[in-house]
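# Structural overview
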Amino acid sequence: MTDAHPTTLPQWPNAYPGSGASATLKRLNEDFIVTELPLQLPSGEGEHLWLDVEKNGANTAFVAQRLAEAAGVQDRDVGYAGLKDRHAITRQWFSIYLPNGKGKGETPDLTQLQHPEFKVLSQSRHVKKLRPGDLLGNRFRIVLRDVAGDRDAIEANLKAVASQGVPNYFGAQRFGHDGGNVEQGRAMLAREIRVRNPKKKGIYLSAVRSFLFNEVLALRIRQGLWGKTLPGDVLDEAGRPTGPLWGRGRVTTTDQAQALENGVAERHAALCDGMEHAGLDQERRALVASPVGMSWEWPQADQLVLSFSLPAGNYATSVLNEILVTTEPERHTENEAAAAD
């Protein structure tokens, strides 16, 4: 994708040689189990009611709306740390602004709420609302079915991923169908369209920012720089090289790393210039995502079960893409929710 010829998203390169293997992902909801790792637990007192919720076949926004209805509040009074996949079994926290004395004067017992697609496991009060990003990460248990291909090649990539991590690409769901969110963002920044909805504007800006980051990461891989630190790199707290999340301010890298990032900026000059004037400050993001506690087993010859944790903002799809090619049942083609938050 370039400024002059917006198309579908490019095929960003993998870090490791392709295994040539394939598998089916999410045939059943229980094939994709996600457990949110909270940043903190409720203290037991405060104006917000925190709910530990398990959902099965529902997306996060839908559950938030049902909880608002049950508590008799507005949708805006419900908070959550991140979106979770619909076609999965996921466990996450929600918060409801519900001061004592509001409504009927008593705290509703939402653990008694009956719904076929979710259940409230527990509830407790806390002093603050849950906001996007208020999580440490997510724990995944993924069942891959109909696995076909060279098992030795799959095992080699599994071991590489477990020891060296994967490219920390933003997942396809960040960009919308065929990269549509990036194109909308480009048109918005070029003043070809006017976006009044603040939420949509944020989605489009995020898509453009994520696209540019992926372009930097992809270029490093194409140049044989995967797993390497360049002169002038900005390192994170773990000592890993980072890539730019474009916004106001100068690129903080120097030397060879800065030259590489400037090359991407020149190729996408209109996008980078637009991001600098969009009100976002420049930030950095690790180029490597490192699965924690990664393990796997083969219950059957054509079935692979993976377990691992990822920090907030990392995508499980980035792990899977380095192991084999996955396909999902037709119902998933709209990419309804993120596999990471």
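The structure this text deals with has already been given above.
Scope of this entry: the structure provided in the associated data block. (Residues numbered from 1 in each chain as written. Predicted model: local features only at pLDDT ≥ 70, side-chain atom pairs only at ≥ 80, totals over all residues. Heavy atoms only, no water.)

### Points about helix α1 (residues 60-71)
Side chains that are three or four residues apart share a direction in an α-helix, a result of its 3.6 residues per turn. What counts here: Per the convention used, a helix needs a DSSP run of H or I reaching at least four residues, while a strand needs a run of E reaching at least two, with both numbered from the N terminus. The span you would expect from a helix comes to 1.5 Å times its residue count less one. Here, two residues are considered to be in contact whenever any of their heavy atoms come within 4.5 Å of each other.
Between its first and last C-alpha atoms α1 spans 17 Å; for 12 residues at 1.5 Å apiece the expected length is 16 Å, and the two agree. On the buried face of α1, the contacting elements are β3 (48-56), β4 (78-80), β5 (89-97) and β6 (118-126). Positive phi shows up at Gly 72, right after α1, with a value of about 70°.

### Focus on the pattern of salt bridges
So the rule is basically this: The salt bridge criterion pairs a side-chain nitrogen of Lys or Arg with a carboxyl oxygen of Asp or Glu, the two atoms within 4 Å.
Tallied over the full model, the rule gives 15 salt bridges. In this structure, the salt-bridge partner of Arg 66 is Glu 69, at a minimum N-O distance of 2.9 Å. You can see Arg 66 and its partner Glu 69 sitting in helix α1, 3 residues apart, about one turn around the helix. Here the residues in one salt-bridge network are Glu 183, Arg 186 and Glu 192, joined through shared partners.

### A short note on the packing of aromatic side chains
We count it as follows: Pairing of aromatic side chains here covers Phe, Tyr and the six-membered ring of Trp, requires ring centres within 6.5 Å, and sorts the geometry by plane angle: under 30 degrees stacked, over 60 edge-to-face, intermediate tilted. With a 1.4 Å probe rolled over the protein chains alone, any residue whose accessible area is under 20% of its type maximum counts as buried; one over 50% counts as exposed, and the rest are partly exposed. Whether a charge lies above a ring is judged from NZ of Lys or CZ of Arg, which has to be within 6 Å of the ring centre and within 35 degrees of the ring normal.
Scanning the model with the defined rule gives 10 aromatic pairs in all. Measuring from centroid to centroid gives 6.4 Å for Phe 170 and Tyr 315, while their planes differ by 70°, and the two rings are edge-to-face. Residue Phe 170 is located in the loop between β8 (166-167) and α3 (180-189), and its partner Tyr 315 is located in the loop between β13 (303-311) and α7 (316-321); the two are separated by 145 residues in the primary sequence. Each member of the pair, Phe 170 as well as Tyr 315, is classed as buried. One cation-aromatic arrangement involves Arg 285 over Phe 170; the distance from NZ or CZ to the ring centre is 3.8 Å.

### Focus: the nonpolar core
Nonpolar side chains in soluble globular proteins tend to end up buried together. Heads up, the condition is: Nine residue types can take part in a nonpolar core, namely buried Ala, Val, Leu, Ile, Met, Phe, Trp, Tyr and Cys, and a core is a set of them joined through side-chain atoms within 4.5 Å.
Counting 63 residues, the largest nonpolar core has Ile 142, Leu 144, Ile 154, Leu 306, Phe 308 and Ile 323 as the members making the most contacts within it. Aside from chain neighbours lying at most four places away, what touches Ile 142 is Leu 25, Asp 31, Phe 32, Leu 304, Val 305, Leu 306, Phe 308, Ala 316 and Leu 320. Membership of the second largest hydrophobic core comes to 17 residues, among which are Leu 51, Val 63, Phe 94 and Phe 118.

### A closer look at the packing of helix α4 (residues 198-222) against helix α6 (residues 269-276)
Put simply, the test is: Helix axes are fitted only over the stretch in contact, all axes being lines through C-alpha atoms; the angle between N-to-C directions runs from 0 to 180 degrees. With respect to orientation, any angle under 35 degrees is reported as roughly parallel, any angle over 145 as roughly antiparallel, any angle of 65 to 115 as roughly perpendicular, and every other angle as oblique. Less than a right angle of anticlockwise turn of the near helix away from the far helix marks a crossing as left-handed, whereas a clockwise turn marks it as right-handed.
Where α4 contacts α6, the two axes come as close as 11 Å, and the packing angle between them is 130°. The angle between α4 and α6 places the two elements in the oblique class. Crossing handedness for the pair α4 and α6: left-handed. Contacts from Leu 205, Val 208, Arg 209, Phe 211 and Leu 212 in α4 reach Leu 271, Cys 272 and Met 275 in α6.

### A closer look at the layout of surface pockets
Filter applied, for reference: Computed over the protein atoms alone on a 1 Å grid, cavities are sets of points where a 1.4 Å probe fits but cannot get out and pockets are open sets with protein on both sides within 12 Å along at least five of seven lines; a residue lines them when it has an atom within 4 Å of a point. Grid points are joined across faces, edges and corners, and a volume is the space filled by probe spheres set on the points.
As a volume, the second largest pocket reaches approximately 350 Å³. Residue lining of the second largest pocket: 13 residues in total, with Met 188, Leu 189, Arg 191, His 277 and Ala 278 positioned closest to the centre. When residues of the lining of the second largest pocket are traced back to their parent elements, those giving at least two are α3, α4 and α6. Considering every element that reaches the lining of the second largest pocket, the biggest residue donor is α6, with 3 residues.

### Observations concerning α4
Threshold: As used in this structure description, the phrase polar contact means that two N or O atoms lie within 3.5 Å; if the pair is within protein, one of them must be able to donate a hydrogen and the other to accept it, and residues adjacent in sequence are counted only when both atoms belong to side chains.
The end-to-end C-alpha distance of α4 is 36 Å, a good match for the 36 Å that 25 residues give at a rise of 1.5 Å each. N-capping of α4 is provided by Asn 197, with a side-chain oxygen placed 2.8 Å from the backbone N of Lys 199. Phi turns positive, to about 75°, at Gly 224, one or two residues after α4.

### Regarding empty space enclosed by the protein
The cut-off we apply is this: Residues are sorted three ways: Asp, Glu, Lys and Arg are charged, Ala, Val, Leu, Ile, Met, Phe, Trp, Tyr, Cys and Pro are nonpolar, and all the rest, Gly among them, are polar.
This structure, assessed with the given rule, holds 2 cavities of 30 Å³ or more. Here the largest cavity is characterised by a volume of approximately 60 Å³. Glu 36, Pro 38, Leu 39, Gln 40, Trp 50, Trp 93, Leu 130 and Asp 134 together form the lining of the largest cavity. Residues belonging to the lining of the largest cavity are distributed by class as follows: 5 nonpolar, 1 polar and 2 charged. Approximately 40 Å³ is the volume found for the second largest cavity. Residue composition of the lining of the second largest cavity, by class: 6 nonpolar, 1 polar and 2 charged.

### Points about the pairing of strand β7 (residues 135-148)
Test applied: Only when DSSP finds a minimum of two bridges between them are two strands counted as paired.
Two strands pair when backbone bridges link them, and strand β1 (residues 22-25) and β7 are joined in this way by 3 bridges, in the antiparallel orientation. Across the sheet, Leu 25 pairs through a bridge with Leu 144, a residue of β7. Bridge analysis of strand β2 (residues 32-38) against β7 gives 7 bridges, and the strand direction is antiparallel. Residue pairing for β7: Glu 36 is matched across the bridge by Asn 138.

### Considerations on the packing of α4 against helix α5 (residues 255-267)
Closest axis-to-axis distance for the α4/α5 pair is 10 Å, and the angle between their directions is 130°. Taken together, the axis directions place α4 and α5 in an arrangement best described as oblique. Regarding α4 and α5, the two cross each other, and that crossing is right-handed. Along its contact with α4, which presents Leu 212, Glu 215, Val 216, Leu 219 and Arg 220, the element α5 presents Leu 260, Glu 261, Val 264 and Arg 267.

### Side note on the pairing of strand β12 (residues 292-300)
Consecutive residues of a regular strand have side chains that alternate between opposite faces of the sheet. Pairing of β12 with β13 involves 5 bridges; the strand directions are antiparallel. Residue Glu 297 lies in a different strand from β13, and its bridge partner there is Val 305. Count of turn residues in the β12/β13 antiparallel hairpin: 2 residues.

That is the geometry; function is a separate question.
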